Amino acid sequence: MSDTAGPAAHYDEFGLFHENIAEFGLEVAIPNVVRCHVELDDRRSISALAWGERGAAEVVFVHGGAQNAHTWDTVALALGRPALAVDLPGHGHSSWRLDGAYSPENLADDVAVAIRQQAPDVRLVVGMSLGGLTSMLLATRHPDLVQSLVMVDITPGVNQKKAKAIIDFVNGPQSFTSFDDLLARTIEFNPTRSESSLRRGILHNAHPVADGSWQWNYDRTNRLEGSEGESSGMPEADVVSDQARNPLWDDFASVTCALTLVRGSLSPVVDDADVAEAKRLQPAMVVHLVDGAGHSVQGDRPVELASIITSELN
């Protein structure tokens, strides 16, 4: 095998947890983690990571666009409770949609099937970015599945200007000459993350091909077009024009379960105006500002996020 594929030569998706534990100084043992699959009616499947006893999940995690279930690894380790981390359709080990229609509505309906089968007694759904909007739609379209909801650094107030850094990153190349080139670009766009954390993230989210180059795993086809003619990786319902009011605010207003918003202090994706509008529509909503976190709070400050989740469960 060529040196460029070296980082993946002995890749085991369950073999990196000791790095998560060491990096964040966790005093925990590695729990039982297995990958499970749920079949959908159209022959697609949803994949997920089951942390702890199968079927006993107290928390369901839903990742953001261009991510996968492993983005929650450190949070799940720090939390220490049975959990289910879902790979959204078109991401991770889940099937791609032939129509490329990765709207929060469609994603919510698919995720609902996985939760009914794998986490029937879930107490809390935690969704970040696209996963947060998906979880919000899950709460409105399948309210029996969502007792309590945590939205991580996302509101329907997201627009192209606020999400520019994310779109620019995802709009980049699909293929990279080497792992090091892919890592360098990832570091450039994620200044709040450690190199070791980003390295793990790439191993979970990209793969080497025969010529030694590396490619992202997630589906980049049939999506909202970016300024450079490449897919943005974020569906139209997730990123609206800077002037338009996102119709998902109406769905946000109709959420009836307990609702918490977690905001990264360094992230531009959620601003003060978004929080004000969210509070106007959901006066009982609890807001947490996580110091030192960018958009991916689960990657930047996973221990702090786990503490917030624990408080929601207790």
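Just so it is clear, the model here is predicted, and its values are computed rather than measured.

**So, the overall build of the protein**
Next, step 1: The helix and strand tally for the protein stands at 11 helices and 11 strands.
Next, step 2: Over its C-alpha trace the protein gives a radius of gyration of 18 Å, about what one expects of a compact globule, namely 20 Å for 314 residues.
Next, step 3: By its C-alpha atoms, the protein is 55 × 45 × 45 Å across when sized along the principal axes.
Next, step 4: Burial status across the protein gives 55% buried among its 314 residues.
Next, step 5: The long-range fraction of contacts in the protein, counting pairs at least 24 apart against all pairs at least 6 apart in sequence, stands at 71%.
Next, step 6: When the accessible surface of the protein is totalled, it reaches about 12,900 Å², and 50% of it is carbon and sulfur.
Next, step 7: Taking the average location of the 23 positive side-chain charges in the protein and that of its 43 negative ones, the two points are 4 Å from each other.

**Some details on the nonpolar core**
Next, step 1: In this structure, V60, L84, M136, L149, M151 and F252 are the most contacted members of the largest nonpolar core, which totals 49 residues.
Next, step 2: The residues touching V60, leaving out its near neighbours within four places in the chain, are L84, V86, I115, A119, V122, L124, V125 and V126.
Next, step 3: With 30 residues, the next largest nonpolar core counts L26, F61, V126 and V262 among its residues.

**Brief notes about the sheet that holds strand β1 (residues 33-39)**
Two strands in a sheet stick together by hydrogen bonds in their backbones, pointing the same way (parallel) or opposite ways (antiparallel).
Next, step 1: Spatial strand order, β1-β2-β4-β3-β5-β6-β10-β11: eight strands in an open sheet with mixed pairing. Of all strands in the sheet, those with a lone pairing partner are β1 and β11 (286-290), marking the two edges. Each adjacent strand pair in this sheet contributes to an overall mean axis angle of 20 degrees, direction not counted.
Next, step 2: This element, helix α4 (residues 130-141), spans β3 (59-62), β5 (124-128) and β6 (148-152) of the sheet and lies at about 145 degrees to β5.

**Overview of the pairing of strand β2 (residues 45-51)**
Next, step 1: Judged by how many residues are buried, β2 sits mostly within the fold: seven of seven residues are covered.
Next, step 2: With burial as the criterion, each face of β2 is covered, one bearing S45, S47, L49 and W51 and the other bearing I46, A48 and A50.
Next, step 3: Both β1 and β2 contribute to a ladder of seven bridges, which runs antiparallel. Across the sheet, the residue bridging to H37 is S47, located in β2.

**Points about the side chain of K162**
Next, step 1: With respect to the secondary-structure elements, K162 resides in the loop between β6 and α5 (164-170).
Next, step 2: A polar atom in the side chain of K162 sits 2.9 Å from the backbone oxygen of G157.
Next, step 3: Among the polar contacts listed, one links the side chain of K162 to the side chain of D274, at a separation of 2.8 Å.
Next, step 4: Setting aside residues up to four positions removed in sequence, K162 forms contacts with G157, P268, V269, D271 and D274.

**Some thoughts on the pattern of salt bridges**
Next, step 1: Summed over all chains, the structure comprises 18 salt bridges.
Next, step 2: With a shortest N-O distance of 3.4 Å, E19 and R200 are connected by a salt bridge. Placement of E19 in helix α1 (residues 17-23) and of R200 in helix α7 (residues 195-205) is noted, with a sequence separation of 181 residues between them.
Next, step 3: Using a relative accessible area of 24% as the deciding quantity, one classes E19 as partly exposed.
Next, step 4: Here R280 ties to E277 by a salt bridge, and the two come within 2.8 Å at their closest N and O atoms. Pair noted here: R280 and E277 are both in helix α9 (residues 272-281), with a separation of three residues, about one helical turn.
Next, step 5: What makes R280 exposed here is its relative accessible area of 55%.
Next, step 6: Classification of E277 as buried rests on a relative accessible area of 14%.
Next, step 7: Residues joined in a network through salt bridges with shared partners are D42, R44, R97, D99 and D110.

Conventions used here
Residues numbered from 1 in each chain as written. Predicted model: local features only at pLDDT ≥ 70, side-chain atom pairs only at ≥ 80, totals over all residues. Heavy atoms only, no water. Helix = DSSP H or I, 4+ residues; strand = E, 2+ residues; numbered from the N terminus. Rg over C-alpha atoms; globule rule 2.2 N^0.38 Å. Buried < 20%, exposed > 50% of the residue type's maximum accessible area, 1.4 Å probe, protein only. Contact = heavy atoms within 4.5 Å. Areas by Shrake-Rupley, 256 points an atom, 1.4 Å probe, with all protein chains shown as cover. Lys, Arg positive; Asp, Glu negative; His and termini not counted. Charge placed at Lys NZ, Arg CZ, Asp CG, Glu CD. Core = buried A, V, L, I, M, F, W, Y, C linked by side-chain atoms within 4.5 Å. Pairing = 2+ DSSP bridges. Axes fitted to C-alpha atoms, helices over the stretch in contact; angles between N-to-C directions. Polar contact = N/O pair within 3.5 Å; in protein donor to acceptor, adjacent residues only side chain to side chain. Salt bridge = Lys/Arg side-chain N within 4 Å of Asp/Glu carboxyl O.

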